[in-house]
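Chain by chain, the residues run as shown.
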Amino acid sequence: MQPQLKPMRGLDLKQDELFSYTTLEQRIPSDHPLRPLRKFVDTVLASMDQDFDGLYSTRGRASIALERLLRASLLQVIYTVRSERQLVEQIDFNLLFRWFVGLSMDEPVWDHSTFSQNRDRLFNQEVARLFFQRIKSLEQWPGYASDEHFSVDGTLIDAWASHKSFVRKDGGEPPKDGTRNPYADFKGEKRSNATHRSKTDPEARLARKNKGDASRLAHMAHTMIEHRSGLIVDVECTEFNGHAEVEAALAMLERTAKPGSTVGADKNYDQQAFVQGARKLKVTPHVAQKAKSSAIDGRTTRHEGYTTSLKIRKRIEEGFGWLKTVGGLRKTKLIGRAKLSAQLLLGFSVYNLIRLGSLSGWWRGSHV
């Protein structure tokens, strides 16, 4: 009689191991794209060491290292983590997150409220812009970025405020009916930024991108890209008004573009204020022409470079699309333009690092 064979099924044991003989460094695959990314980030943070010292007092208890706050904030953008509470929870049990931030296997993670308070106090708009600029100082940057040809554009970032918070400046109050989400009827009521203001975010403005778009409370984000690789070279955050795009574009050109450069833009920039302002900075405006009353003529449009600029300028939308999907900034969770500006600079810093990784060949999105 043949002996009965038992299936080679493993046992579902519940006993936990008391000790681990593997380090965090061994847990992370050698070809994981976060490894070269962290090297880039650490290089940038090392160059900011003296700037960080000036943010701390010489008295009191030691605070959370700003380097760790920045690395954690980068993870929040890369992995589209929706809140600080969820981010801290991930850092607590996710070994990859612990390794990237710089925490050991047994080191306790900070509370989410402590993280938020320290971030708001230390990681401000100035630090975020410094981090953004230092990425442009990396050794790899000149090989991929152009310093002569650029494009500018703007987009709306929805504010963390509802239409019900948009009340009259002369003493109006949000609707109330005793419920958590009161009913409000705005039919027939004329509402504008001149007469109304949001109680939730006073800096937000009622805006719409075009005539067919729905109005909503929003801020404006502006970027400037270079044409060789589509890297973002400058960022601005402003309120929404009729001339914000032109003013922000000229400010970025003055800060970043050298005389003799070109700048591509869509039809919204085909106006005397932008064209004359760019030429005053000795930058050639390659803007898409309006059908009537264009501010540029054949002296600009006849050149081959003009047609090339109009083709490449559309790549600026890739950054906006990435920021609103992966970066989680289709609708900001922060109040005020100062905080939003810091978040925009951080988001586009991550975009540039990932873009450099894609161009260099070490970044693979499948790992994230």
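Owing to the predicted nature of the structure, the values given are computational and were not obtained by experimental measurement.

Caption draft 1: Region of the structure containing the overall build of the protein chain. A count of helices and strands for the protein chain gives 15 helices and 8 strands. In terms of overall dimensions, the protein chain has a C-alpha envelope of 95 × 70 × 60 Å along the principal axes. Of all 368 residues assigned to the protein chain, the portion counted as buried reaches 44%. Looking at the protein chain alone, contacts between residues at least 24 apart form 68% of all its contacts between residues at least 6 apart. When the accessible surface of the protein chain is split by element, carbon and sulfur atoms take 49% of a total near 20800 Å². Here the protein chain carries 57 positive and 44 negative side-chain charges, and the mean point of each set is 5 Å from the other.

Caption draft 2: View of the nonpolar core. Membership of the largest hydrophobic core comes to 87 residues, with the highest contact counts inside it found for Leu-34, Leu-37, Val-152, Leu-253, Phe-274 and Leu-344. At 11 residues, the largest contribution of residues to this core is made by helix 15 (residues 337-360). Both domains that meet at this core, namely domain 1 (24-55 + 63-123) and domain 2 (143-159 + 219-332), each give it at least three residues. Counting residues in hydrophobic clusters, the runner-up holds 6 residues, among them Phe-166, Ala-204, Leu-206 and Leu-217.

Caption draft 3: Focus on the layout of surface pockets. Estimates place the volume of the largest pocket at around 400 Å³. Lining the largest pocket are 19 residues, with Gln-76, Arg-82, Ser-83, Glu-84 and Lys-333 positioned closest to its centre. Elements represented by at least two residues in the lining of the largest pocket include exactly helix 4 (66-78), helix 5 (84-93) and helix 7 (112-122). It is helix 7 that contributes the most residues to the lining of the largest pocket, 3 residues altogether. When we break the lining of the largest pocket down by domain, the ones giving at least three residues each are domain 1 (24-55 + 63-123) and domain 2 (143-159 + 219-332). Put simply, the second largest pocket is a space of about 260 Å³.

Caption draft 4: Just the packing of helix 8 (residues 125-135) against helix 15, in detail. The interhelical angle for the contact between helix 8 and helix 15, taken along N-to-C directions, is 20°, at an axis separation of 8 Å. Considering the angle they form, helix 8 stands roughly parallel to helix 15. The crossing of helix 8 and helix 15 is left-handed. Touching Gln-125, Ala-128, Arg-129, Phe-131, Phe-132 and Ile-135 of helix 8 are Ala-338, Ser-341, Ala-342, Leu-345, Phe-348, Ser-349, Asn-352 and Leu-353, all from helix 15.

Caption draft 5: Molecular detail of the environment of Asp-266. Take Asp-266: it is sitting in the loop between strand 7 (262-265) and helix 11 (272-280). For Asp-266 and Tyr-183, which are 83 residues apart along the polypeptide, the C-alpha to C-alpha distance reads 40 Å. Excluding anything up to four places from it in sequence, Asp-266 contacts Asp-153, Val-287, Ala-288 and Arg-313. Within the local environment of Asp-266, its side chain forms a polar contact with the backbone nitrogen of Asn-268, the two atoms lying 3.0 Å apart.

Caption draft 6: Up close: the packing of aromatic side chains. One pass over the structure, following the stated rule, counts 6 aromatic pairs. Pairing Phe-40 with Trp-362 gives two aromatic rings, centres 5.5 Å apart and planes at 25°, and the pair type is stacked. On the criterion of sequence distance, the pair formed by Phe-40 in helix 2 (residues 34-47) and Trp-362 in the segment after helix 15 is long-range, its members being 322 residues apart. In this pair, the class of Phe-40 matches that of Trp-362, namely buried. Relative to Trp-363, the ring of Trp-362 lies with its centre 6.2 Å away and its plane at 80°, an arrangement referred to as edge-to-face. By relative accessible area, Trp-362 is classed as buried at 15%.

Thresholds applied
Residues numbered from 1 in each chain as written. Predicted model: local features only at pLDDT ≥ 70, side-chain atom pairs only at ≥ 80, totals over all residues. Heavy atoms only, no water. Helix = DSSP H or I, 4+ residues; strand = E, 2+ residues; numbered from the N terminus. Buried < 20%, exposed > 50% of the residue type's maximum accessible area, 1.4 Å probe, protein only. Contact = heavy atoms within 4.5 Å. Areas by Shrake-Rupley, 256 points an atom, 1.4 Å probe, with all protein chains shown as cover. Lys, Arg positive; Asp, Glu negative; His and termini not counted. Charge placed at Lys NZ, Arg CZ, Asp CG, Glu CD. Core = buried A, V, L, I, M, F, W, Y, C linked by side-chain atoms within 4.5 Å. Domains from an automatic or database assignment. 1 Å grid on protein atoms, 1.4 Å probe; cavity = no way out; pocket = protein on both sides within 12 Å on 5 of 7 lines; lining within 4 Å. Points joined across faces, edges and corners; volume = space filled by probe spheres on them. Axes fitted to C-alpha atoms, helices over the stretch in contact; angles between N-to-C directions. Parallel < 35°, antiparallel > 145°, perpendicular 65-115°, else oblique. Left-handed = near helix turned anticlockwise from the far one by under 90°. Polar contact = N/O pair within 3.5 Å; in protein donor to acceptor, adjacent residues only side chain to side chain. Phe/Tyr/Trp six-rings, centres within 6.5 Å; stacked < 30°, edge-to-face > 60°.

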